Amino acid sequence: MADHAAHALEPNPTARAFCLTSAFWFAVATTAGLWAAGYLIAPDFMANIAYLQFGRLRPIHVNLVLFGFVTPGLLAAAFYYVPRLTRTELFSQRLGVLTAWLWNLTVTVGIVSLSLGFSQGREYAELVWPVDMLVVLVFALVGVNLIMTVHRRREPVLYVSIWYVFAAVVLTALTYALGNVIWRPDTGALLGIPDAILLWFYGHNIFGLLLTPLSLGVAYYVIPIVTRNPLYSHTLSLLGFWSLLVVYTHIGTHHLLQVPVPTWLKVVAIVDSIAMVIPVMAFLINIWYTARGKLGEIHADIAGKFIFTGTIWYFFVSIQGSVMALPQVQRITHFNNWTVGHAHIGVLGFAGMIALGGMYFILPKLSGKPLYSRFLADLQYWLVLIGITGFLVILTTVGLIQGNAWFNGETVYRVLPEIHLYYVLRLSAGLAILSGAYIGLYNMVRTLFFNPGVQA
Amino acid sequence: MIQRMTPTAVILGAVAILSAVVFVVIIWPNTTVDMTPSEIFRERTAEEAAGRKLYIANGCVYCHSQSIRAFDWGHGATRIAQAGDYVQDEPILLGSARTGVDLSQEGGEHPDDWHMAHFINPRWTRPNSIMPPFEHLGMENLRLLTRYIQSLGMQAADKRMQRQAFWKQASTKAYEAGIEANVRWLSETVPQGWRDIPTPYAASDYSLARGRMIYQGFCIGCHGPVGDGMGDAQPHIYPPPLNFTILKGRGISGGLIYYQVMNGITGTAMPYFKKELESQKIWDVGNFIAAYFIDELDANGPPRGIDAAYEP
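Per chain, residue numbering runs from 1 following the sequence as it is written. Each chain gets a letter, beginning with A, and each ligand a number, beginning with 1, in the order they are written. Totals for whole chains, interfaces and linings use all residues, but because this is a predicted model, local features are given only for residues with pLDDT of at least 70 and pairs of side-chain atoms are given and counted only at 80 or more. In computing side-chain properties, one takes all heavy atoms of the structure into account and sets aside hydrogens as well as water.

**Student:** It is not clear to me how the overall build of chain B should be interpreted in this structure. Could you clarify?
**Tutor:** Each helix and strand counted, chain B has 12 helices and zero strands in total. Strands are runs of DSSP state E lasting at least two residues, helices are runs of H or I lasting at least four, and both sets are numbered from the N terminus onward. Starting at the N terminus, the α and β elements of chain B follow one another as α-α-α-α-α-α-α-α-α-α-α-α. Here the radius of gyration uses the C-alpha set of atoms, whereas the globule reference equals 2.2 Å times the residue count to the power 0.38. Relative to a compact globule of 312 residues, whose C-alpha radius of gyration would be 20 Å, chain B shows 25 Å and is clearly more extended. Along the first, second and third principal axes, the C-alpha set of chain B runs to 90 × 45 × 35 Å. Whether two residues touch is decided by their heavy atoms; if any such pair falls within 4.5 Å, the residues are in contact. A separation of at least 24 residues holds for 72% of the contacts in chain B among residues at least 6 apart in sequence. Distance from the positive charge centre (27 side chains) to the negative charge centre (32 side chains) of chain B: 3 Å. Under the convention used here, Asp and Glu are negative, Lys and Arg are positive, and both His and the chain ends fall outside the count. Here the site of a charge means NZ on Lys, CZ on Arg, CG on Asp, or CD on Glu.

This is the structure we're talking about:
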């Protein structure tokens, strides 16, 4: 295991490029999110701008968060730790930097096409066929670079983080191609109910086979280093890894419990949603026992702080997700803001927090200097944490209002005035997250480019 | 054991698991899902298909579900979705949120002109709506979108559209025959029993205050702030919204107003509100209209039943 040496310069332009990619798109993505949240409060403000209206901003926000902010942030850490853990150099920095440029091109083309109305209308699979091809290509390039790095390793044992990166990159390239139905370029969809089943298989795998394994990989790498404790259990890491792949892939149909899909498939999805407790707790017990007695060290290290907080959100979002898969619960929580809250604490609270932590972990090593400002990093931590906690409380509350009102026979229209205030509160919480994103971007750029700190 | 986790084992193991799961949860159900069209199924016309493309391009699916659940009865549902309803949908547009209403059976709920006014600015027909205005799409695109929306529900929607067309003709004829004839038509289409009853509750300050709130949330977009039928939606609707101020002395009872608010006037842009407004709210808004716009109240007048317990 690599030690936590103080800021020895480790040139890694690939990791650096992915850090900047993530920080930049985080700022853009939260801006889009805030803008969209504004429309829910004042739909006639800045209205009738075709490329900015809510129906186009919403997929832009979601795709930017997934493919602009969180995934590149987690990959930045992977591009750093895979060579470290295998005691070798990255296979090709040139390919890595090229991949980062292609990645940004893909994201840019993706959001421009969405803003112009080119969409396949399937959640998380909106991007049209040419952009799909670019996405599969960049995942393949990431995969080639990392697999070739591992191929040339000087360390025989593969650490658990590397398993997760491999699984994430290879399986996402496959499920992305499958979920976007790339053999039907015109619509990128199947016909009828099978389309819904495939879409939510894929949609859930974006979390289960991309964000989750990449996040767990970063946590498995950083937490033992920050706490200077060996990993608690390799058996648990094996159990967690394989059970994640088996269980997570089965549960997509829990998005369709009230839709005419085969009942046995719903049963599979519900049972496996509950079984998600196994991979989740295998990981959490492992990480939390690794950190046992070392909360002081975690608190002192900004990366450890972000990542450990991310694991707590992982606990919460996973248990919440299992409970939401119960049909009786879902009668109330489906179709409303409860689910929006769930998605935000999963993607930002868990994966986003860990992505930020991973970046703060590697930034001083990439620049050979300490972080530009620990204060700003702490400020970002609190802004994001307060924002996302606010989101959970506000959106869960408004979701319960909507779900119970509907279940009580009230129409959607009747409930609108009742929830207006919560949309205002949600915008305020979003403002905290937005500020955090811009402060983080500033801090990261200053750390890499205009850093007055002394080189070690 | 940890030494056995070679790159090959990790990658092949992961891909093997994924393949097995894809077989179980994707391929197997795909071969067993019943793709028989349901009893209301019909194919989309070219214009409806073009409207559906606009629906997708503009992200309507993010706020509108097309998926009526078994327990949406309380929500006013008239039909639970079946697999056979979706057999021409590529992609299927079930949606994941009801920021707006479910549209599975929207076809024929309103006439076309209501939809045009609503697309240009949703607040013109639905004052509390938070839907974006879509005027920027242009009238031709809005017409195509309307064709698609009116097709939702397929054969069931077609029946509702026929009803809309029939009553549109009748209501237009009545409107064009002048005020006297129009008011007579509006009255005579209400069953006599309803026309005979006055509002059973007094037009108290509370009743009028409640009625005012309801009017602002449901009626003001068409009938306007002074009840003269000159709301924002008026230029787009034909026959135009009723001018309440002409009704004095024409024998408009509380029961008649109640019936028209409850049941709507199919064929015109006047929707039915019984799904959204409970009995007391309808009586209250009727009192408000009668007191402020018609200036002729029959509230609590004869024939009277037993006064309700709360009445002063």
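So much for the structure itself; the text now carries on.
**Student:** Just to check I follow, could you spell out the confidence of the model for chain A for this structure?
**Tutor:** Segments scoring low in pLDDT should not have their predicted coordinates read at a detailed level. pLDDT measures the predictor's confidence residue by residue and takes values from 0 up to 100. Scored by pLDDT, chain A comes out at a mean of 95, with 98% of its residues at no less than 70. Across residues 1-5 of chain A, confidence stays below pLDDT 50; counting only partners more than four residues off in sequence or on other chains, it has 15 contacts.

**Student:** Honestly, the interface of chain B and chain A in this entry has me stumped. Any pointers?
**Tutor:** Size of an interface, as often reported, equals the accessible area lost when the parts are brought together. The interface is formed by 77 residues belonging to chain B together with 80 residues belonging to chain A. A simple way to read buried area is as the amount of 1.4 Å-probe accessible surface that goes missing from two parts once joined, with both sides added. Between chain B and chain A lies a buried interface of about 6700 Å² when both sides are counted; carbon and sulfur atoms form 71% of it. Considering only the surface of chain B that becomes buried against chain A, M5, Y62 and E90 of chain B emerge as the three largest contributors, covering 11% of it. By definition here, a salt bridge exists when the distance from a side-chain nitrogen of Lys or Arg to a carboxyl oxygen of Asp or Glu is within 4 Å. Between D44 of chain A and R123 of chain B there is a salt bridge, and its shortest N-O distance comes to 2.8 Å. By the criterion applied in these results, polar contacts are pairs of N or O atoms within 3.5 Å in which, for protein atoms, one can donate a hydrogen and the other can accept it, and in which residues neighboring in sequence qualify only through two side-chain atoms. Across the chain B-chain A interface, the total number found is 19 residue pairs in polar contact (both at pLDDT 80 or more). Among the secondary structure elements, those contributing two or more residues to the side of chain B that touches chain A are α1 (7-32), α2 (46-57) and α9 (205-218) of chain B. Tallying contributions element by element places α1 of chain B first for the side of chain B that touches chain A, with 18 residues. For this classification, Asp, Glu, Lys and Arg are treated as charged, while Ala, Val, Leu, Ile, Met, Phe, Trp, Tyr, Cys and Pro are nonpolar and the rest, including Gly, are polar. Across the side of chain B that touches chain A, the residue classes break down as 44 nonpolar, 22 polar and 11 charged.

**Student:** Looking at this structure, I do not really get the domain arrangement of chain B. What am I missing?
**Tutor:** Residues and elements named next belong to chain B. Boundary definitions for the domains trace back to an automatic or database domain assignment. For chain B, the assigned domains read domain 1 (46-160) and domain 2 (190-294). Once you take the C-alpha centre of each, domain 1 and domain 2 turn out to be 26 Å apart. Contacts between domain 1 and domain 2 engage 15 residues on the former and 19 residues on the latter. For the pair domain 1 and domain 2, the summed buried area comes to about 1300 Å², and 55% of that belongs to carbon and sulfur atoms.

**Student:** Explanation requested: a nonpolar patch on the surface in the structure shown.
**Tutor:** A patch consists of residues whose relative accessible area exceeds 30% and which take part in no salt bridge; residues with like charges are grouped when within 9 Å of each other, and nonpolar side chains (Val, Leu, Ile, Met, Phe, Trp, Tyr) when within 5 Å. We get accessible surface area from the Shrake-Rupley algorithm with a probe of 1.4 Å; when it comes to residues, only the shown protein chains can shield them. A contiguous nonpolar surface patch, about 500 Å² in accessible area, is contributed by I274, V277, F315, F316, I319, V323 and L326 of chain A. Within the secondary structure layout, F316 of chain A lies in helix α11 (residues 302-324).

**Student:** For this particular structure, what's the right way to read the side chain of T21 of chain A?
**Tutor:** Along the chain, the position of T21 of chain A falls in helix α1 (residues 13-41). Ignoring anything within four residues of it in the chain, the contact list for T21 of chain A reads G68, P72, W103 and N104 of chain A.

**Student:** I tried to follow the packing of aromatic side chains on my own but got confused; where do I start?
**Tutor:** The description of an aromatic ring pair uses the distance of the two centres, along with the angle that the planes make with each other. We call Phe, Tyr and Trp rings a pair once their centres come within 6.5 Å, taking the six-membered ring for Trp, and we label the pair stacked below 30 degrees between planes, edge-to-face above 60, and tilted otherwise. This structure, assessed with the given rule, holds 44 aromatic pairs over all chains. Their ring planes at 35° and their centres at 4.8 Å tell us that F288 of chain B and Y292 of chain B sit as a pair that is tilted. Of this pair, F288 of chain B and Y292 of chain B both sit in helix α12 (residues 279-294), four residues apart, roughly one helical turn. Among the aromatic side chains, those forming a connected cluster through ring pairs are W163, Y164, Y220, F241, W242, F283, Y314 and F350 of chain A. In this analysis the charged atom, NZ for Lys or CZ for Arg, is taken to sit over a ring once it is within 6 Å of the ring centre and within 35 degrees of the ring normal. The aromatic ring of Y381 of chain A is capped on one face by K305 of chain A, whose charged end is 4.9 Å from the ring centroid. Above the plane of the ring of Y413 of chain A lies R126 of chain B, whose end atom (NZ or CZ) is 3.8 Å from the centre.

**Student:** I keep staring at the pattern of salt bridges and nothing clicks. Help me out?
**Tutor:** Between side chains of opposite charge, a pair can form when the charged atoms approach closely. All names here are of chain B. For the structure shown, the criterion picks out 27 salt bridges over all chains. D89 is the salt-bridge partner of R44, the closest N and O atoms lying 2.5 Å from each other. One end of the pair, R44, is in the loop between α1 and α2; the other, D89, is in the loop between α2 and α3 (112-120), and 45 residues separate them in sequence. Burial classes: relative accessible area under 20% of the type maximum marks a residue as buried, over 50% as exposed, and values in between as partly exposed (1.4 Å probe, protein chains only). A residue is classified by how much of its surface remains accessible, and R44, at 22% relative accessible area, is partly exposed. One salt bridge connects R143 with E47, and the closest N-O pair in it is separated by 2.8 Å.

**Student:** Hey, could you run me through the nonpolar core in this one?
**Tutor:** In this structure, L66, V70, Y81, I193, Y220, Y360 and F361 of chain A are the most contacted members of the largest nonpolar core, which totals 205 residues. At 23 residues, the largest contribution of residues to this core is made by helix α6 (residues 193-227) of chain A. Both domains that meet at this core, namely domain 1 (46-160) and domain 2 (190-294) of chain B, each give it at least three residues. In contact with Y220 of chain A, not counting residues within four places along its chain, are Y159, V160, S161, Y164, L231, S237, F283, N286 and I287 of chain A. As used in this record, nonpolar core signifies buried Ala, Val, Leu, Ile, Met, Phe, Trp, Tyr and Cys residues forming a set joined through side-chain atoms within 4.5 Å. In terms of nonpolar packing, the next biggest core, distinct from the first, is built from 20 residues, L103, L137, Y148 and L152 of chain B among them.

**Student:** I would appreciate a short explanation of helix α7 (residues 234-248) of chain A in the present structure.
**Tutor:** Every α-helical turn comprises 3.6 residues, leaving residues that sit three or four positions apart pointing alike. To estimate the expected span of a helix, count its residues, drop one, and scale the result by 1.5 Å. Here α7 of chain A spans 21 Å end to end across 15 residues, near enough to the 21 Å set by a 1.5 Å rise per residue. Buried within α7 of chain A are the following residues: L236, S237, L238, G240, F241, S243, L244, L245, V247 and Y248 of chain A. In this structure, the buried residues of α7 of chain A make contact with α5 (160-179), α6, α8 (263-275), α9 (277-290) and α11 of chain A together with α1 of chain B. Where α7 of chain A begins, one side-chain oxygen reaches toward the backbone nitrogen of T235 of chain A, 3.2 Å away; that side chain belongs to S233 of chain A.

**Student:** Looking at this structure, how should I read the side chain of S65 of chain B?
**Tutor:** Locating S65 of chain B in the fold gives a position in the loop between α2 and α3. Reaching out from S65 of chain B, the side chain makes a polar contact with the side chain of R98 of chain B at a distance of 2.8 Å. Sequence-distant contacts of S65 of chain B, defined by excluding residues within four places in its chain, comprise F335 of chain A together with L94, G95, A97, R98, V101, D102, L103 and S104 of chain B.

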